2 protein chains.
Amino acid sequence: MENNKQHMFNKEVYLERRNLLKKELGKGKIFFPGSQTSPINFKDNYYPFRQDSNFLYFFGIRLPGLFALIDIDKDEEIIFGQESTMDDIIWTGQQKKLSALADSVGITKVLPLISINSYVDKNIRFLPPYRPDHVLLLHQFTSLSIQEIENNKDVELILAVAKQRSVKSQQEIALINKAVTLTHQMHREVILAAKPGMKESELVGIAQKYAWQVECRFAFSPIMTIQGNVLHNHQYHHTIQNDQMVLFDGGLEIPEGYCGDITRTFPAGKNFNSAQADIYDVVHNAVEVANKNLRPGIKFIEIHRLTCIELVAGLIQLGIFKGDPEELVENDVHTLLYQCGTGHFIGLDVHDMESFGEEWIGYDDSVSKKTTFGWKSLRLGKALQPGNVLTVEPGIYFIPEWIDTNKKNGHFSDFVNYENLERYRYFGGIRIENNYYITENGAEILGDPLPVLRKEVEGLRHLVAPPENPVFQS
Amino acid sequence: MENNKQHMFNKEVYLERRNLLKKELGKGKIFFPGSQTSPINFKDNYYPFRQDSNFLYFFGIRLPGLFALIDIDKDEEIIFGQESTMDDIIWTGQQKKLSALADSVGITKVLPLISINSYVDKNIRFLPPYRPDHVLLLHQFTSLSIQEIENNKDVELILAVAKQRSVKSQQEIALINKAVTLTHQMHREVILAAKPGMKESELVGIAQKYAWQVECRFAFSPIMTIQGNVLHNHQYHHTIQNDQMVLFDGGLEIPEGYCGDITRTFPAGKNFNSAQADIYDVVHNAVEVANKNLRPGIKFIEIHRLTCIELVAGLIQLGIFKGDPEELVENDVHTLLYQCGTGHFIGLDVHDMESFGEEWIGYDDSVSKKTTFGWKSLRLGKALQPGNVLTVEPGIYFIPEWIDTNKKNGHFSDFVNYENLERYRYFGGIRIENNYYITENGAEILGDPLPVLRKEVEGLRHLVAPPENPVFQS
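All of these numbers come straight from a predicted model, not from anything done at the bench.

Student: Requested: an account of the relation of the copies chain A and chain B, with residues and values cited.
Tutor: Related by rotation about an axis and a shift along that axis, the two copies of the chain form a pair. With an RMSD of 0.0 Å, the fit of chain A onto chain B corresponds to turning through 180° and sliding 0.0 Å along the axis. Here the transformation between the copies is reduced to the relation of a two-fold axis. A shared binding surface is used by both copies, with 100% of the interface residues of chain A retained as interface residues in chain B.

Structure representation (C-alpha cells):
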C-alpha cells in the first residue's frame, strides 16, 4: 500500500468532513467499520479489496480490517487496527505504519482491535450495514442482536452523511471528471476493437486490459451484450454477429474511489440498420431533453417524466405507440419499452450511497417514491442541487416476455400498436448514458467528449480494421 | 445462465458423488449453503459470482442464493431456491427453470426458500462456514448461536467430503489439465508481451484480456511483480526496469470451476543476468528433485524436505550458506530464504478445501503439522495418493527485513555467510511452480508444456519485439 498516500486528499479535507459531521449531529459516538476482505471460495482467497465508501470519505485509508470511531461527546477520533508484524512483511511486503497513515488523515489515536470492545457498546451509532461481515462484527462488538443490527436505521446519521456526500467539492468533481474521461476512453477502445465474430467476453477483456493499463478497476460488472433488452445482463458468451448492436454499460473507478458510469450502443457492422437508426435517434433525443432541463431546483422525477415523454413521442412517430405523449406517460405506457429509471447519483459508489436506502438518498419530504412498475426503479426523484453528480440514461428495451404478458392481458391496448411492435420483437435494446454535474445555473457533462450522435458513433466504427474472417464483412 | 448446462457433468456423476457421501456418513441431514453474491460497496453492486465449491461438487448449479439438503435418514435430496419472476426476466433475462437445472443433477424436489426452516434445525450437519453470509444464514435457519456456528467442526463430514474431493476422477483431471493448459498460455502471453517501461498492472491486463478471451476467470488475484521476494504481493504499480525480473504467479479457473496455479519468473530484458541465472538454476534444480520424487505413498513433507535440501545445496555452492545441506535443513536454515511451503492440493479451489482446515486436508494421523516458522506454512504434509492434484513451487526469496532480523539476532550464524548474502539484498525473489497429478506409479505434469528451463524462458524473451522506447533496450 506504499502508494496509498498519493490517493488521499490532504489531511485538512478529512478534518473538515468529520467536523461538519460532528456539527450536524451534535452528539453521540459514531462507529465506522471499514471493509474486510470478501472471500471467494475460502477465507484467504478473496476478491480485490474495496474500502467501504463512508470509511473512505471520512478516513481515507484503503486497507482491510480497520474500524473508526468519532466520539462527538468527548471530541475524540480513533482508528482501530493492527500494525504489521514480521509475518505480514514477509507475506505482503513492508507497509507504511498505520499510525503514519492515520496521521495523514488527521487522526493521532490508533488502538489495536482488541480495544474496540471498551469503546463500543449498544448505544453506538452506525450506518445501515450492507455487508454480512459488518453485521457479524457489529454483533460481536455491541452485543446487539443480529436483527437489531440489520434493522438499524439511524435516520439522523444517514441524512447527515448523505447531505455531505451528495454535494461534491470542486476537488471531488475534478476526480469524477477524470474517472469519466478514462471511462470514455475505455468505451472508445471497445468501439474501435469490436468486430463481428468476436465474443462479448473478448470485448470485456479489451475493456479490462485498458482498466489495468490506467491502474483503474471496473466500478461494477459491466454489461457488454448483444441483448441490450436484458437490463442487467452480466453474461458474455454470445458471438457478435453483423447487423446486431453491442450495448456496453461500463465504468471505471480510479484509485481515489470515484467512478464513471457510461453506456453506448453501437453497431456490430459499420452502420446501424434503418430500424436501429430510428430507435437510436429516439433515445438520443431523450438524452437531449434531459440535457436541456438539468438544473438546480428541478426535481429529477420531472427529468424522468420529460425523458419518458420524448421517448414516447418518438415511438408514436414510428407507429409503435399512438395518442398524446403526455397522456401515454400518465398511463405508464412507456413502461412497456422503458422499464427503468432515467438516472441516479454517482460518486464513491456507482449508485451513490445506495446502501443508505433509496428513500433517504433519492427522495425527500417533497417527493416520495412511486411504487408502480417502472417508476419504482427510479432511484432519484428529488430536486437537484449544485454539486450533485448523476447519470442520465434513457433507453428503449424490447423484452419479448414482457410485451407478450402485456399484450395477453390487454394492457395499454388503446395506446399500443401491438402489430407494429411485433416487428421489433428481436430488436434488442438501446441505451445511451452520460454523466453530469449540476452547476449554479445548469449542468455540465463530465469527461472529455465521447461520440454520442448516431453519425459520430458510426464514424468511430468506420475506423475499425476489417475483420479477419471476410465472411462476416458487411 | 443459459450456458450453465454445458458446464455440468452428467446427472450420474452428481448422483454417484452424493451416494458415496451418504454411504460414508451413514446418517444425518447435511445442509449445503450455496454462495450468495458478495457486495463490493453496496448490496446490489457485487463481485463476480462464484458458487461454493462443495455445492458445485455435489449439486453442480452455478446460481446464487441456492441451498441444498441431503437427508440420509429419509434418503431425500432437496434444492431450495426461487424460480424467476417477470421482474427477474426483465432485469437479468430469461433463465432456465430451477426445477430443470435441479433435474439435470438428479434432484427432483425443489422447494422455495421459505421451506428451509421446516427442514433445517440445530441438529443439521454442515461444513465449516468461511463466508460471513453463510454464518448469518445458518444462524437464521438453525437458531444456533453465531459462536456455535463458527466453531462447528463436523470432523466426520469434513473427512468424508475431503476423501472424495482429494481423489480426482479422470474427468476431473482432464478438466484441470485444460485449466492448466490455458493458464500456461496466459503465462506465455505475458512473457511475450512484457517490456521494460511497462507497469506491472499492464501485464495483469494482458493476462486478464487472455482470460476473458477464453471465457475463464482468475482463480485468485495474481502476483505480478518485480518484487518477487514479497510472497503474496497484490500490488501492481511498479514500472518494470531492464535488469529486473518479473515473477508472475497466476491461474485460470475454467467455467466448470477447476483451476490451474502456475508461476514463472522471467527477465525484464532478454536474458537473466549472472546472479539471476545462478539463483534461477538453483530453484529449477529443486523443481527437478520434486519431479523425480513425486509418487503415491511418499509424504509431501518429505518432498518439501528434499526440495529444501536441494535449494540449500545450491546456496552453499553460491557461497551464501555453508555446511552440510541436510544439517542446514534440520536446523531450519532454509527458512531464511525459503519461508513458505513447497505445494498444496488444487482442484475446485486453488488451495483445495482450505476452508475445511489444513489439519484435516493436508495432514493426518501419520503426519501432523509443524508449527515452527517456514514449516507452519506447508499446507500439505501427508502421503500422496493416485488422483491427488497438487502444486510444486520452490523459490528463493531475499527479504531484507527478515535477513536483518536474523542477522541481528545471530540466527544461523554458523551456517550463513551474511557478508556474501548482503550482495543479494535487493535481488528480489524467484519462484517456479508447476501442477502435477499423482498416477498409480509416479506423477505427471499437467497442461501442455510451458518453458521452464532458464534457456527456454530466455528463448521466449528473445521473441519479444524491441521496446518502443529504445532507452530501455538491453
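And the narrative resumes.
Student: Describe the pattern of salt bridges, listing the residues and the values that go with them.
Tutor: Across all of its chains, the model carries 56 salt bridges over all chains by this definition. When the shortest N-O distance is used, the salt bridge between B:K376 and A:D87 registers 3.1 Å. One end of the pair, B:K376, is in the loop between α14 (358–361) and β12 (389–392); the other, A:D87, is in helix α3 (residues 86–92), on a second chain. The closest approach of N and O atoms between B:D75 and B:K22, which form a salt bridge, is 3.1 Å.

Student: Mind laying out the state of the cysteines, listing which residues take part and the relevant values?
Tutor: One pass over the full model with this rule turns up 0 disulfides over all chains. You can see A:C340 has no disulfide; the closest cysteine sulfur is in A:C308, sitting 9.0 Å from it. For A:C340, a relative accessible area of 9% translates into the label buried. Cysteine B:C259 remains unbridged, with the sulfur of B:C216 as its closest cysteine sulfur at 11 Å.

Student: Tell me what's going on with the interface of chain A and chain B, and back it up with residues and numbers.
Tutor: Chain A puts 72 residues into the contact, and the matching count from chain B is 73 residues. Note on chain A versus chain B: buried area summed over both sides is about 6,200 Å², and carbon and sulfur give 61% of it. Applying the counting criterion to the chain A and chain B interface returns 4 salt bridges. Run the count over chain A and chain B and you get 25 residue pairs in polar contact (both at pLDDT 80 or more). Contributing elements (two or more residues each) for the side of chain A that touches chain B: β2 (39–42), β3 (45–46), α3, α6 (132–142), α7 (146–150), α10 (200–213) and α15 (400–408) of chain A. Counting residues per element, the side of chain A that touches chain B draws most heavily on α10(A), which supplies 9 residues. Of the residues in the side of chain A that touches chain B, the class split is 31 nonpolar, 25 polar and 16 charged.

Student: How would you summarise the packing of aromatic side chains if you had to cite specific residues and measurements?
Tutor: The final tally for this structure, using the stated rule, is 33 aromatic pairs over all chains. Taken together, the ring pairs connect A:F32, A:F55, A:Y57, A:F58 and A:F59 into an aromatic cluster. Stacked on the ring of B:Y57, the Lys or Arg B:R17 has its end atom at 3.9 Å from the ring centre. We note B:K370 situated over the ring of B:W375; from NZ or CZ to the ring centre the distance is 3.9 Å.

Conventions adopted
Residues numbered from 1 in each chain as written. Chains lettered and ligands numbered in written order. Predicted model: local features only at pLDDT ≥ 70, side-chain atom pairs only at ≥ 80, totals over all residues. Heavy atoms only, no water. Least-squares fit on C-alpha atoms with pLDDT ≥ 70 in both. Contact = heavy atoms within 4.5 Å. Salt bridge = Lys/Arg side-chain N within 4 Å of Asp/Glu carboxyl O. Helix = DSSP H or I, 4+ residues; strand = E, 2+ residues; numbered from the N terminus. Disulfide = S-S within 2.5 Å. Buried < 20%, exposed > 50% of the residue type's maximum accessible area, 1.4 Å probe, protein only. Buried area = accessible area lost by both parts, 1.4 Å probe. Polar contact = N/O pair within 3.5 Å; in protein donor to acceptor, adjacent residues only side chain to side chain. Nonpolar A, V, L, I, M, F, W, Y, C, P; charged D, E, K, R; others polar. Phe/Tyr/Trp six-rings, centres within 6.5 Å; stacked < 30°, edge-to-face > 60°. Lys NZ or Arg CZ within 6 Å of the ring centre and 35° of its normal.

Purely geometric stuff here, so don't read any function into it on its own.
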